[in-house]
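Structural description and commentary
Chain by chain, the residues run as shown.
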Protein chains: 2
Amino acid sequence: LAVVSAAESLRYSRSAPRRWPSRLFGVIVPELENPIFSAFAQQITNLLAQGGDTPMLCTQTARGVSEDRWIELLLERDVDGIVVVSGMHADSHADTERYHRLRAMGIPLVLVNGFVEDVDAARISDDDRTAMSLAVEHLTALGHERIGLAVGPERYVPVIRKVAGFVEAIKAPPRTAAPLVEHSLFTLEGGRAAARRLLEQGATAIVCGSDLMALGAIRACRGRHVSVPQDVSVIGYDDSALMAFAGPPLTTIRQSVGAMSEAAVRMILDEAAGAPAPREELLFQPELVVRGSTGPAPARRKTVPGVGSRRRQRPASRRA
Amino acid sequence: LAVVSAAESLRYSRSAPRRWPSRLFGVIVPELENPIFSAFAQQITNLLAQGGDTPMLCTQTARGVSEDRWIELLLERDVDGIVVVSGMHADSHADTERYHRLRAMGIPLVLVNGFVEDVDAARISDDDRTAMSLAVEHLTALGHERIGLAVGPERYVPVIRKVAGFVEAIKAPPRTAAPLVEHSLFTLEGGRAAARRLLEQGATAIVCGSDLMALGAIRACRGRHVSVPQDVSVIGYDDSALMAFAGPPLTTIRQSVGAMSEAAVRMILDEAAGAPAPREELLFQPELVVRGSTGPAPARRKTVPGVGSRRRQRPASRRA
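Residues numbered from 1 in each chain as written. Chains lettered and ligands numbered in written order. Predicted model: local features only at pLDDT ≥ 70, side-chain atom pairs only at ≥ 80, totals over all residues. Heavy atoms only, no water.

**A few points about the sheet that holds strand β2 (residues 54-59) of chain A**
Residues and elements named next belong to chain A. Overall, parallel pairing links the six strands, which are arranged β2-β1-β3-β4-β5-β11 in an open sheet. A single partner strand is all that each edge strand has here, and the edge strands are β2 and β11 (282-284). When strand polarity is set aside, the average angle formed by the axes of neighbouring strands in this sheet is 15 degrees. Taken strand by strand, helix α4 (residues 97-104) contacts β3 (81-85) and β4 (109-112), and its axis lies near 150 degrees from that of β4. (Pairing = 2+ DSSP bridges. Helix = DSSP H or I, 4+ residues; strand = E, 2+ residues; numbered from the N terminus. Axes fitted to C-alpha atoms, helices over the stretch in contact; angles between N-to-C directions. Contact = heavy atoms within 4.5 Å.)

**Remarks on helix α9 (residues 257-272) of chain B**
Residues and elements named next belong to chain B. The first and last C-alpha atoms of α9 sit 22 Å apart over 16 residues, in line with the 22 Å expected at 1.5 Å per residue. The complete set of buried residues in α9 reads Val-257, Met-260, Ser-261, Ala-263, Ala-264, Val-265, Met-267, Ile-268, Glu-271 and Ala-272. Just downstream of α9, Gly-274 is the residue with a positive phi angle, here 90 degrees. (Expected span 1.5 Å × (residues − 1). Buried < 20%, exposed > 50% of the residue type's maximum accessible area, 1.4 Å probe, protein only.)

**Some thoughts on the nonpolar core**
What tends to happen in soluble globular proteins is that the nonpolar side chains get buried as a cluster. Counting residues in hydrophobic clusters, the biggest one holds 54 residues, and the most contacted among them are Val-110, Val-112 and Ile-124 of chain A together with Val-110, Val-112 and Ile-124 of chain B. Setting aside anything within four residues of it in sequence, one finds Ile-124 of chain B in contact with Val-110, Leu-111, Val-112, Asn-113, Met-260, Ala-263, Ala-264, Met-267, Leu-282 and Phe-284 of chain B. (Core = buried A, V, L, I, M, F, W, Y, C linked by side-chain atoms within 4.5 Å.)

**Quick look at unusual backbone geometry**
Cis geometry is adopted by the peptide bond preceding Pro-248 of chain A, which originates at Gly-247 of chain A and carries an omega value of -10 degrees. Among the secondary structure elements, Pro-248 of chain A is positioned in the loop between β9 (233-238) and β10 (251-254). In this chain, Val-228 of chain B is followed by Pro-229 of chain B through a cis amide linkage whose omega measures 10 degrees. Here Pro-229 of chain B lies in the loop between α8 (211-223) and β9 (233-238). The phi dihedral of Asp-239 of chain A falls on the positive side, at around 50 degrees, and the residue is not glycine. By the element assignment, Asp-239 of chain A lies in the loop between β9 and β10. Residue classification places Asp-239 of chain A among the buried positions, given a relative accessible area of 16%. With phi around 75 degrees, Leu-242 of chain A is a residue other than glycine that occupies positive phi space. Positionally, Leu-242 of chain A belongs in the loop between β9 and β10.

**Some details on the confidence of the model for chain A**
All names here are of chain A. Predicted confidence across chain A gives a mean pLDDT of 86, with 84% of residues reaching 70 or more. Counting contacts from residues 1-19, a segment whose pLDDT is below 50, to residues more than four positions away or on other chains yields 33 contacts. Predicted complex, confidence summary: ipTM 0.83, pTM 0.85. (pLDDT = per-residue confidence, 0-100.)

**Some remarks on the environment of Gly-223 of chain A**
Tracing the backbone shows Gly-223 of chain A in helix α8 (residues 211-223). Spatially, the C-alpha atom of Gly-223 of chain A lies 9.3 Å from that of Arg-196 of chain A, the residues being 27 residues apart in sequence.

**Considering the state of the cysteines**
Per the stated rule, a full pass over the model turns up zero disulfides over all chains. Cys-208 of chain A takes part in no disulfide bond, and the closest cysteine sulfur to it belongs to Cys-221 of chain A, at a distance of 8.8 Å. (Disulfide = S-S within 2.5 Å.)

**Notes on the packing of aromatic side chains**
The description of an aromatic ring pair rests on the distance of the ring centres and on the angle between the ring planes. Per the stated rule, a full pass over the model turns up two aromatic pairs over all chains. Between Arg-98 of chain A and the ring centre of Tyr-99 of chain A, over which it is positioned, the NZ or CZ distance is 5.9 Å. In this structure, Arg-219 of chain B is placed above the aromatic ring of Phe-245 of chain A, and the distance from its NZ or CZ to the ring centre is 4.2 Å. (Phe/Tyr/Trp six-rings, centres within 6.5 Å; stacked < 30°, edge-to-face > 60°. Lys NZ or Arg CZ within 6 Å of the ring centre and 35° of its normal.)

**Structural notes on the sheet that holds strand β10 (residues 251-254) of chain B**
Residue and element names in this part refer to chain B. Read from one edge of the open sheet, six strands run β7-β6-β8-β9-β10-β12, paired in mixed fashion. At either end of the open sheet lies a strand with only one pairing partner, and these are β7 (180-183) and β12 (287-289). If you compare each strand with its neighbour and ignore which way they point, the axes differ by 20 degrees on average. Bridge count for β10 against β12 is three bridges, and the pairing is antiparallel. Its bridge partner lying in β12, Ile-253 is registered against Leu-288. Here helix α6 (residues 157-171) sits on the sheet and contacts β6 (147-151), β7, β8 (205-208) and β9; the angle it forms with β6, its principal contact strand, is near 175 degrees. Sheet contacts for α8: β6, β8, β9 and β10; angle to β9, the most-contacted strand, approximately 160 degrees.

**Considerations on the environment of Arg-279 of chain B**
All names here are of chain B. The residue Arg-279 is located in the loop between α9 and β11 (282-284) in this model. Judged by its relative accessible area of 24%, Arg-279 is partly exposed. Sequence separation between Arg-279 and Leu-134 is 145 residues, and the spatial gap between their C-alpha atoms is 27 Å. In this structure, Arg-279 is in contact with Arg-103, Asp-120, Ala-121, Ala-122, Arg-123 and Glu-271, ignoring residues within four places of it in sequence. Within the structure, the side chain of Arg-279 is placed 2.5 Å from the side chain of Asp-120, a separation counted as a polar contact. (Polar contact = N/O pair within 3.5 Å; in protein donor to acceptor, adjacent residues only side chain to side chain.)

**Observations concerning the pattern of salt bridges**
Two side chains bearing opposite charge may form a pair once their charged atoms approach each other closely. All names here are of chain A. For the structure shown, the criterion picks out 30 salt bridges over all chains. Of the charged contacts in the structure, one is a salt bridge between Glu-200 and Arg-224, with a shortest N-O distance of 2.9 Å. Note that Glu-200 is positioned in helix α7 (residues 188-200) and Arg-224 in the loop between α8 and β9, a separation of 24 residues in sequence. The closest approach of N and O atoms between Asp-239 and Arg-291, which form a salt bridge, is 3.1 Å. Here Asp-239, found in the loop between β9 and β10, pairs with Arg-291, found in the loop between β12 (287-289) and α10 (316-319); they are 52 residues apart in sequence, far enough to count as distant. (Salt bridge = Lys/Arg side-chain N within 4 Å of Asp/Glu carboxyl O.)

**Comments concerning the packing of helix α3 (residues 67-76) of chain A against α4 of chain A**
All names here are of chain A. α4 packs onto α3 with a crossing angle of 10 degrees between their chain directions and a minimal axis gap of 11 Å. The orientation of α3 with respect to α4, classified from their angle, is roughly parallel. Judged by the twist between their axes, the crossing of α3 over α4 is left-handed. Taking contact as the criterion, the partners of Glu-67, Asp-68, Ile-71 and Leu-75 in α3 are, on α4, Arg-98, Tyr-99, Arg-101 and Leu-102. Classifying every residue of the contact of α3 with α4 gives four nonpolar, no polar and four charged. (Parallel < 35°, antiparallel > 145°, perpendicular 65-115°, else oblique. Left-handed = near helix turned anticlockwise from the far one by under 90°. Nonpolar A, V, L, I, M, F, W, Y, C, P; charged D, E, K, R; others polar.)

Okay, here's the thing in structure tokens:
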């Protein structure tokens, strides 16, 4: 509490008494259209509110409100701490000044899914490297030899880590083929574009950087009359809501949203209470959830898939 | 502004100067796990933030924070207005005292998707009746004669309206069969349970009260080896995110989330500026989005579906 009081004198010159009965914590997420961010938003804000604090959920927009603008608004409202999920800290090219400034003002900070080396903040991430080895092992066991990775822009920390984990897993013996990695946007359209390029290079399996990208990859396959999973297997990332209901039900890497949210809330509350959380990054173990979008590698691998390769779909009940 | 100032003197006995540079608006939604609520939350908060105001997004939880608790927290923070989406106002059995109290304090209020007759608030709803006639017309044109409705608990206003619209549409000539209506929970499991009962009564088409219920209904069909849409057609409601990627892609009724959010924000800003919004309920026209979960009625209608009725799925590319 000493930290907060010191910070207040820095932030506000006027001496109006603090009249809020509960503490205010900012929770900044990129947007709510991707269901993985909705899940983090829901869990973190619920945990804060259940503890008697007031969460202010801040979602960004393309045209409008940025992370920096939200930080300003939160400072104006005397915020007691900020949790940032997949924010600018995930962009290795972004300026870290905003976070240094917050820390200099004594505002506790927890950064989720990204990493900034030199900022004095608690950090929590999904273990992207382990996730990639789970995905590659699953596909290798199914007989796939030409496995591609479809991920977002190169400058993002979770992308850098996924690529490193993927290359490491794919290089492990007895893999010999050069790793296929295609960068695009994090979106459905990005997944579609990256998947098209991977299919052209003969991939029979595509690991994606997000569930949205995976849904886009499945679209790319359909656009070429390539069946999933008969001709090509697709793995998502996140296990966001309703992926079991996708067509086909999506095999994906599940982020531990519950455990990560609990840790983020515990850390921001500790920091706000003047008990700094550990500065080592906490890495959470993801799980592989096997559903209907992955299957055995096709017997004959095709360099240009899509020609005469459509097979009968498995009955719906087996995919569900 | 006169309204807000008067309200403030009612709300707070102490005379500390107001030091917030932007107005605070509460946006209360049930939760973020159902993507339709995420969509409303994202749009309404973005519009408020883009206009220079600060939205506080309030999501409820089963064990924890209720709508009433959020209203308390917002009052403690000197809220300038509250938008409630699918809140207690949608429950026809709920006490309306909470809303009368807010209005007596001068807090502007906009209620979305629900209706309370006697509260002095602006009201916006999706037109549930029109939606049901769109759904029934589509299914009738496809040759369906035994159409069921799977909706949430009877006491909710949108449910009452959907049932009324459905019964009206189904009774229109040349329909003669008695309307099949099954109430359950709003969830996936609720949709599954209601759909099972409708299948037992020989329905070849099921209209659902939400997309989640529709996904549950498709599960119920699969559990009985009934193919969607070959044996049974299913229509969702909301057109929430990613329903085009469901298996099969979901035919659904699209709520005008964008237009409804814009109206809600315009109204709450008008009210906060002392210019009361109209008190008639604004009804927004939904649209039918036809995808792969509806198709022609099966040639021979079965009273007990699921026996030897599985057919080959249509090629994936035609469903997508």
